[in-house]
Amino acid sequence: MDKTLFSIGETLTFQSRILNESRKINVYLPVSYEKYKDKKYPVIYLLDGSGNEDFIHIAGIVQFGSFSWINMIPETIVVGIENVDRKRDFTYPTTVEQDKQDFPTTGGSEKFITFIEQELQPLLKNTYPINEISTLIGQSLGGLLATEILFKKPDLFNNYIIVSPSIWWDNESILSFIPRKPVAKKTIYIAVGKEGAIMESGAKKLFDMLESRSTNYDNIFFKYLENQSHGDALHLAVYDGFEKIFRSSKP
């Protein structure tokens, strides 16, 4: 019996000057990647993207959705950003003392967004054959970060999948932000499970706020997953989000 390694991609480790630490990303490469050297691919950026978080099952949805007999999503490179300190990287500073106690390293999102813009995205453009279509996926605190990016630097990504966002952070102060108008219109998908009044109302408030500014965006979708909880909403939300975003964009 012979054993060989089974791989769906590769892992890159590099030193971040902005974050002053070593960072790691996991990269899923489409089936045709080695065959078609001149082909360029869209990219999905996945927060909480380590192998023991969400990388493997999200890459699986992408692979399945890009099968020719499914044809839901184009063949896409998936970049899973592994965490070092998600409570630091995914949150902006809070005025709530309990938040500070529960999240003692909080408040580093601005630096992390700069890392994505000035280090991670250029690295990927120099390493892989990617096109200009990019999607960001974030859940929970990752959904809070995705919302912050959408509001402050919307043109970093084309599509945003925001699941169970922690809008409650800092007494929902993110809802008082004035979103910057993107240069190019965006498609936004928001979902939440049966997660209690605070989480559910926060997601719905975010949707209502964005819908009121619908001229800034191509499409805005909202999904209430009544049979899912905070722990298992992401998988079904991402599948539904892919259907809404990519199938709706087809002629």
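## Quick look at the sheet that holds strand S2 (residues 21-28)
Working step 1: Pairing in this open sheet of 8 strands is mixed, and the strands run S1-S2-S4-S3-S5-S6-S7-S8 from one edge to the other. At either margin of the open sheet sits one strand with a lone partner, and together these are strand S1 (9-16) and strand S8 (217-225). Averaged over all neighbouring strand pairs, the angle between strand axes comes to 20°, with direction disregarded.
Working step 2: Bridge analysis of strand S5 (residues 130-139) against strand S6 (residues 159-163) gives 5 bridges, and the strand direction is parallel. Its bridge partner being in S6, Gly 138 is matched across the sheet by Ile 162.

## Some details on the pairing of S8
Working step 1: Both strand S7 (residues 186-193) and S8 contribute to a ladder of 8 bridges, which runs parallel. Each residue of the ladder has a partner; that of Ala 191, found in S8, is Lys 223.

## Side note on helix H5 (residues 141-152)
An α-helix turns once per 3.6 residues; consequently, residues spaced three or four apart project the same way.
Working step 1: Along its 12 residues, H5 runs 16 Å from first to last C-alpha, staying within 8% of the 16 Å computed at 1.5 Å per residue.
Working step 2: Of all 12 residues in H5, 11 are buried; the element is thus mostly enclosed.
Working step 3: Those residues of H5 that sit buried are Leu 141, Gly 142, Gly 143, Leu 144, Leu 145, Ala 146, Thr 147, Glu 148, Ile 149, Leu 150 and Phe 151.

## A look at the pattern of salt bridges
Working step 1: Summed over all chains, the structure comprises 13 salt bridges.
Working step 2: Note that Lys 205 is salt-bridged to Glu 172, the shortest N-O span being 2.9 Å. Taken together, the residues span a long stretch of sequence, with Lys 205 in helix H7 (residues 197-211) and Glu 172 in helix H6 (residues 169-172) at a distance of 33 residues.
Working step 3: Judged by its relative accessible area of 39%, Lys 205 is partly exposed.
Working step 4: One salt bridge in this structure joins Asp 240 and Lys 244, with 2.8 Å as the shortest N-O distance.

What counts as what
Residues numbered from 1 in each chain as written. Predicted model: local features only at pLDDT ≥ 70, side-chain atom pairs only at ≥ 80, totals over all residues. Heavy atoms only, no water. Pairing = 2+ DSSP bridges. Helix = DSSP H or I, 4+ residues; strand = E, 2+ residues; numbered from the N terminus. Axes fitted to C-alpha atoms, helices over the stretch in contact; angles between N-to-C directions. Expected span 1.5 Å × (residues − 1). Buried < 20%, exposed > 50% of the residue type's maximum accessible area, 1.4 Å probe, protein only. Salt bridge = Lys/Arg side-chain N within 4 Å of Asp/Glu carboxyl O.

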